Amino acid sequence: MFKRILIAVTMILGLAGVARAEVFTIDKTHSNVGFSVKHLGISRVHGSFNDFSGTVTYDPADTAGWSCEAVILMASVDTRDSSRDGHLKSSDFFDVEKHPTMTFKSTKVTPRGEGRFAVEGNLTLRGVTKQVSLDAEVLGTVESERGQRIGFSAKTRIDRMDYGVSWNNVLESGGLVVSHEVDIILEIEAAAKK
């Protein structure tokens, strides 16, 4: 009898843990999906994507239940220069006609202390999928008149050559017009699904 009660209590506690996990939808009006790349070896060009969507599953008591996934529309690239944006959309870079989206799907979240986490997952760009690790920080949660919200920042660095984004020119000095390394910077606010 005691064994059956113990199993029932364990199951109830397990279900309670699952119930705490909530799914949040990314609010793109309060979020930014950005990137930064070195230009001419002397400065950094910043850009962002204006059209994206995704979800975050979050349980403050158990990081094992955390997950996130996102879809970014590559044609929404914005570097504040329409000519450069057009070049980025071409087959030299993103090839948006053949590969209209970039996606990310997490596979594991590991606490790093003081509200920081490593979010590992699969990033797909131009049809190539590679595992990346995001350095993430939960900025907080809040109850508002629109329901519960969560905010976090995350960043990672990728080598664009790994994804076939290989266009470049060599400068007379021997340097590259565009560096191979690209920093991806995320500032995300998400709202609990109702």
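Residues numbered from 1 in each chain as written. Predicted model: local features only at pLDDT ≥ 70, side-chain atom pairs only at ≥ 80, totals over all residues. Heavy atoms only, no water.

**Here we look at the overall build of the protein**
Okay, step 1: A tally of regular secondary structure across the protein gives two helices and eleven strands.
Okay, step 2: Counting from the amino terminus, helix and strand elements in the protein follow one another as α-β-β-β-β-β-β-α-β-β-β-β-β.
Okay, step 3: With 194 residues in all, the protein has 38% of them scored as buried.
Okay, step 4: Long-range pairs, those at least 24 residues apart, make up 54% of the contacts in the protein between residues at least 6 apart in sequence.
Okay, step 5: Summing over all exposed atoms, the protein offers an accessible surface of approximately 11500 Å²; the carbon and sulfur share of this is 55%. (Helix = DSSP H or I, 4+ residues; strand = E, 2+ residues; numbered from the N terminus. Buried < 20%, exposed > 50% of the residue type's maximum accessible area, 1.4 Å probe, protein only. Contact = heavy atoms within 4.5 Å. Areas by Shrake-Rupley, 256 points an atom, 1.4 Å probe, with all protein chains shown as cover.)

**Notes on the pattern of salt bridges**
Between side chains of opposite charge, pairing is possible as soon as their charged atoms come close.
Okay, step 1: Going through the model one piece at a time under the given rule, you end up with nine salt bridges.
Okay, step 2: The salt bridge involving aspartate 183 is made with arginine 157; its shortest N-O contact spans 2.6 Å. Residue aspartate 183 is found in strand 11 (residues 178–192), and its partner arginine 157 is found in strand 10 (residues 147–159); the two are separated by 26 residues along the sequence. (Salt bridge = Lys/Arg side-chain N within 4 Å of Asp/Glu carboxyl O.)

**Points about the confidence of the model for the protein**
Okay, step 1: Per-residue pLDDT for the protein has a mean of 85; in total, 84% of the residues score no lower than 70.
Okay, step 2: Contacts of residues 1–19 to residues separated by more than four positions or lying in other chains number one contact, the stretch itself having pLDDT below 50. (pLDDT = per-residue confidence, 0-100.)

**Description of the nonpolar core**
Okay, step 1: Judged by nonpolar contacts, the single largest core of 43 residues is most densely connected at Phe49, Ile72, Met74, Phe94 and Leu123.
Okay, step 2: Among the elements that take part in this core, strand 11 stands out by supplying seven residues, more than any other.
Okay, step 3: In this structure phenylalanine 49 touches Val33, Phe35, Ile72, Leu73, Met74, Ser76, Val77, Phe94 and Met102, once residues within four positions along its chain are discounted. (Core = buried A, V, L, I, M, F, W, Y, C linked by side-chain atoms within 4.5 Å.)

**Some thoughts on the side chain of arginine 126**
Okay, step 1: Among the structural elements, arginine 126 can be located in the loop between strand 8 (116–125) and strand 9 (128–144).
Okay, step 2: The buried charged residue arginine 126 lacks any salt bridge, with aspartate 95 as its nearest oppositely charged partner at 4.4 Å.
Okay, step 3: In terms of polar contacts, arginine 126 uses its side chain to reach the backbone carbonyl oxygen of serine 91, at 3.0 Å. (Lys, Arg positive; Asp, Glu negative; His and termini not counted. Polar contact = N/O pair within 3.5 Å; in protein donor to acceptor, adjacent residues only side chain to side chain.)

**Let's talk about the packing of aromatic side chains**
Okay, step 1: By the definition in use, this model includes five aromatic pairs.
Okay, step 2: Taking the centre distance of 5.5 Å and the plane angle of 45° together, the rings of phenylalanine 35 and phenylalanine 49 count as tilted. Remark: phenylalanine 49 occurs in strand 3 (residues 43–49) and phenylalanine 35 occurs in strand 2 (residues 32–39); sequence separation between them is 14 residues. For the pair phenylalanine 35 and phenylalanine 49, one class covers both residues: buried.
Okay, step 3: Ring centres 4.6 Å apart and planes at 55° place the aromatic pair tryptophan 66 and phenylalanine 117 in the tilted group. Taken together, the positions of tryptophan 66 in the loop between strand 4 (52–58) and strand 5 (67–73) and phenylalanine 117 in strand 8 put the pair 51 residues apart, joining distant regions of the chain.
Okay, step 4: Given the relative accessible area of 12%, phenylalanine 117 is considered buried. (Phe/Tyr/Trp six-rings, centres within 6.5 Å; stacked < 30°, edge-to-face > 60°.)

**What to know about the pairing of strand 10**
Okay, step 1: Relative to strand 10, strand 9 runs antiparallel, the two sharing nine bridges. Note that in strand 10 the partner of glycine 140 across the bridge is glycine 151.
Okay, step 2: Linkage of strand 9 to strand 10, two consecutive antiparallel strands, is achieved through a turn of two residues.
Okay, step 3: As paired strands, strand 10 and strand 11 are joined by eleven bridges and run antiparallel to one another. Note that in strand 11 the partner of arginine 149 across the bridge is alanine 191. (Pairing = 2+ DSSP bridges.)

**Some points on unusual backbone geometry**
Note on backbone geometry: most residues besides glycine have negative phi, and most peptide bonds are trans.
Okay, step 1: The residue glutamate 114 is not glycine, and still its phi comes out positive at about 55°.
Okay, step 2: One can find glutamate 114 in the loop between strand 7 (101–113) and strand 8.
Okay, step 3: Accessibility expressed as a relative area gives 81% for glutamate 114, which makes it exposed.
Okay, step 4: Positive phi, close to 55°, is recorded for arginine 126, a residue that is not glycine.

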